[in-house]
There are 2 protein chains.
Amino acid sequence: MNIAILGTGGVGQAFATRLQGLGHDIMLGTREVQSTKTRLADFISKNPEVKFGTFTEAAAFGELVIHVSKGATAVEVIKSAGEKNLRGKVLIDITNPLDFSKGMPPSLIPELSNTNSLGEETQRLLPNTKVVKTLNTMWNGLMINPSLINNGDHVNYICGNDADAKNTVKKFLNELGWKNESLLDLGDITAARATEATLPIWLRVYGAKQSGAFNFKIVS
Amino acid sequence: MNIAILGTGGVGQAFATRLQGLGHDIMLGTREVQSTKTRLADFISKNPEVKFGTFTEAAAFGELVIHVSKGATAVEVIKSAGEKNLRGKVLIDITNPLDFSKGMPPSLIPELSNTNSLGEETQRLLPNTKVVKTLNTMWNGLMINPSLINNGDHVNYICGNDADAKNTVKKFLNELGWKNESLLDLGDITAARATEATLPIWLRVYGAKQSGAFNFKIVS
């Protein structure tokens, strides 16, 4: 399947490598292709089949689109990708509205948290796209390979307004190694408020453990 | 030990019963003693030894003080209790800044979340009191009896500025059944921002599971 990844940081690179390895055709979307290729020379030498394009080109290319850009620029990236290019498609939103302007650990961008979220903002910008929020509550190593810890037995939340799109995303998550019993459907996209709000505790636990290779498991 | 509990809702009642059962002397603090006693007639008949007093009287009575009032009135309760009555004491803060004014599930009170918290606000109001935030991330049945689920193996965060006070609270938590390996020290009181911010995900998981008898365990 043609998969577009919007964002070329560590998360985007990890997804590109993993999904290319699973046999998909990948295009990484970025603002400026040439400067990104220069920056990612090492990545490109190890992943020669991964394509590069503008956000617009990547959005047009992807049958499935994964958004992993930084929270501060996420809205701008969606606008660059173009509503028209994303119409009718499933967009997996892994962004978090982290605000690094007020010291460390980061807080959440006020207008994109509490009674709003990047998931909802994205769905509003793309009314004809099926936005599914998932995977945004953990270290990227676990997103693409959940069995790295605890036999893959830890929680990944999923939410969105379209049941069929969530089923599509669950199958995609299965491909990455997620078992259905680890996927917790929290309902519509407003639940993104809650999953994005787990970042502060994630960051504090990370600070206490000095490692990102952990996740939360719900026990009862 | 003389323990004051500020707040007479479900959480306060649960703590009073449990701590009286462990042999402590308990005073429940409330705004108006008579109306509270009328409302809690059934509780009183089952827990005749539990004392009642104003917030001020309870704060003066307690060698250890537990704050379990509603987020919207928590600051007012601390002011009523009186800085003088709490000086030099350990105050266990279990409050959460839930805002029920913007629909369900509740959001967080903007001025008491993200770059602030009820834990920090309480510590600022009580500069000579040792505020320790803990237990605020779960259903009250688990606070007082963690072994109700998963053999007690799930996380309880603890934070505060005073290391000795945190050790005192850890021993208190041990009395309630918490094992040290379940207690995760997140550092100073600013970590309350993160633990209070877990309420949105707790409420969504509660909505999905239709039961409060769950908690999060950190796996790695």
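Whatever comes next refers back to the structure up there.
Read on for a plain summary of the structure. (Residues numbered from 1 in each chain as written. Chains lettered and ligands numbered in written order. Predicted model: local features only at pLDDT ≥ 70, side-chain atom pairs only at ≥ 80, totals over all residues. Heavy atoms only, no water.)

## Topic: the pattern of salt bridges
Reasoning step 1: Enumeration over the complete set of coordinates arrives at 22 salt bridges over all chains.
Reasoning step 2: Here Glu76(A) and Arg31(A) are joined by a salt bridge, their closest N and O atoms 3.0 Å apart. Of this pair, Glu76(A) sits in helix α5 (residues 74–81) while Arg31(A) sits in the loop between β2 (25–30) and α2 (33–39); the two residues are 45 residues apart in sequence, bridging distant segments of the chain.
Reasoning step 3: In this structure, the salt-bridge partner of Asp93(B) is Lys133(B), at a minimum N-O distance of 2.9 Å. Of this pair, Asp93(B) sits in strand β5 (residues 90–93) while Lys133(B) sits in strand β8 (residues 130–134), and the two are 40 residues apart along the sequence.
Reasoning step 4: Judged by relative accessible area, which is 0%, Asp93(B) ranks as buried.
Reasoning step 5: Each of Asp93(A), Lys133(A) and Glu196(A) takes part in one network of salt bridges that share partners. (Salt bridge = Lys/Arg side-chain N within 4 Å of Asp/Glu carboxyl O. Helix = DSSP H or I, 4+ residues; strand = E, 2+ residues; numbered from the N terminus. Buried < 20%, exposed > 50% of the residue type's maximum accessible area, 1.4 Å probe, protein only.)

## Some remarks on the relation of the copies chain A and chain B
Reasoning step 1: Each copy of the sequence occupies a distinct position, and chain A is placed on chain B by a rotation of 180° and an axial shift of 0.0 Å, giving an RMSD of 0.0 Å. Both chain copies can therefore be described as sitting about a two-fold axis. When C-alpha distances to the rotation axis are compared across chain A, the minimum falls at Lys217(A), with a value of 2.5 Å. (Least-squares fit on C-alpha atoms with pLDDT ≥ 70 in both.)

## Digging into the interface of chain A and chain B
Reasoning step 1: On the side of chain B, 37 residues touch chain A, which itself brings 37 residues to the contact.
Reasoning step 2: Between chain A and chain B lies a buried interface of about 2,700 Å² when both sides are counted; carbon and sulfur atoms form 66% of it.
Reasoning step 3: Scanning the region where chain A abuts chain B turns up zero salt bridges.
Reasoning step 4: For the pair chain A and chain B, the interface holds seven residue pairs in polar contact (both at pLDDT 80 or more).
Reasoning step 5: Listing elements by their share of the side of chain A that touches chain B, those giving two or more residues are β7 (107–108), β10 (183–185), α10 (192–196), α11 (199–209) and β11 (215–219) of chain A.
Reasoning step 6: Per-element accounting of the side of chain A that touches chain B gives the leading share, six residues, to α11(A).
Reasoning step 7: Pairing analysis gives five bridges linking β11(A) to strand β11 (residues 215–219) of chain B, with the strands arranged antiparallel. In the strand pairing of β11(B), Lys217(A) is matched with Lys217(B). (Contact = heavy atoms within 4.5 Å. Buried area = accessible area lost by both parts, 1.4 Å probe. Polar contact = N/O pair within 3.5 Å; in protein donor to acceptor, adjacent residues only side chain to side chain. Pairing = 2+ DSSP bridges.)

## Let's talk about the sheet that holds β5(B)
Residue and element names in this part refer to chain B.
Reasoning step 1: Across the sheet, which stays open at both edges, the eight strands sit in the order β3-β2-β1-β4-β5-β8-β9-β10 with mixed pairing between neighbours. Bordering the open sheet on either side are β3 (51–54) and β10 (183–185), each of which pairs with just one other strand. Mean inter-strand twist for the sheet, computed between neighbouring axes without regard to direction, equals 25°.
Reasoning step 2: Of the strand pairs in this sheet, strand β9 (residues 156–160) and β10 are connected by three bridges, and their pairing is parallel. In the sheet register, Tyr 157 faces β10, and the bridge partner there is Leu 184.
Reasoning step 3: Each of β1 (2–6), β2 (25–30) and β4 (64–67) is contacted by helix α1 (residues 10–21), which is oriented at about 165° to β2, the strand it contacts most.
Reasoning step 4: Together, β1, β4, β5, β8, β9 and β10 form the strand contacts of helix α9 (residues 163–176), whose direction differs from that of β9 by roughly 155°. (Axes fitted to C-alpha atoms, helices over the stretch in contact; angles between N-to-C directions.)

## Topic: the packing of aromatic side chains
Reasoning step 1: Within this structure, the stated rule accounts for seven aromatic pairs over all chains.
Reasoning step 2: With a centroid separation of 5.2 Å and 10° between ring planes, the pair formed by Trp202(A) and Tyr206(A) is classed as stacked. Here the residue Trp202(A) and the residue Tyr206(A) both occupy positions in helix α11, the gap between them amounting to four residues, near one helical turn.
Reasoning step 3: Its relative accessible area of 39% is what places Tyr206(A) among the partly exposed residues.
Reasoning step 4: By the ring-pair criterion, three or more aromatic residues cluster together here, those being Trp202(A), Tyr206(A), Phe214(A), Phe216(A), Trp202(B), Tyr206(B), Phe214(B) and Phe216(B). (Phe/Tyr/Trp six-rings, centres within 6.5 Å; stacked < 30°, edge-to-face > 60°.)

## Observations regarding the packing of helix α5 (residues 74–81) of chain B against helix α7 (residues 118–125) of chain B
Residues and elements named next belong to chain B.
Reasoning step 1: For the pair α5 and α7, interaxial distance at closest approach is 10 Å and the crossing angle is 25°. Relative to α7, α5 is oriented roughly parallel. The two elements α5 and α7 cross, and the hand of that crossing is right-handed. Contact residues: Ala 74, Val 75, Ile 78 and Lys 79 in α5; Leu 118, Glu 121, Thr 122 and Leu 125 in α7.
Reasoning step 2: Among the residues forming the contact of α5 with α7, the class breakdown is five nonpolar, one polar and two charged. (Parallel < 35°, antiparallel > 145°, perpendicular 65-115°, else oblique. Left-handed = near helix turned anticlockwise from the far one by under 90°. Nonpolar A, V, L, I, M, F, W, Y, C, P; charged D, E, K, R; others polar.)

## A look at the pairing of β8(B)
All names here are of chain B.
Reasoning step 1: Most of β8 sits out of view: four of its five residues are buried.
Reasoning step 2: Two elements, β5 and β8, share four bridges in a ladder whose sense is parallel. The residue bridging Val 90 from the neighbouring strand is Lys 130, located in β8.
Reasoning step 3: Bridge count for β8 against β9 is three bridges, and the pairing is antiparallel. Looking across to β9, one finds that Lys 133 is bridged to Cys 159.

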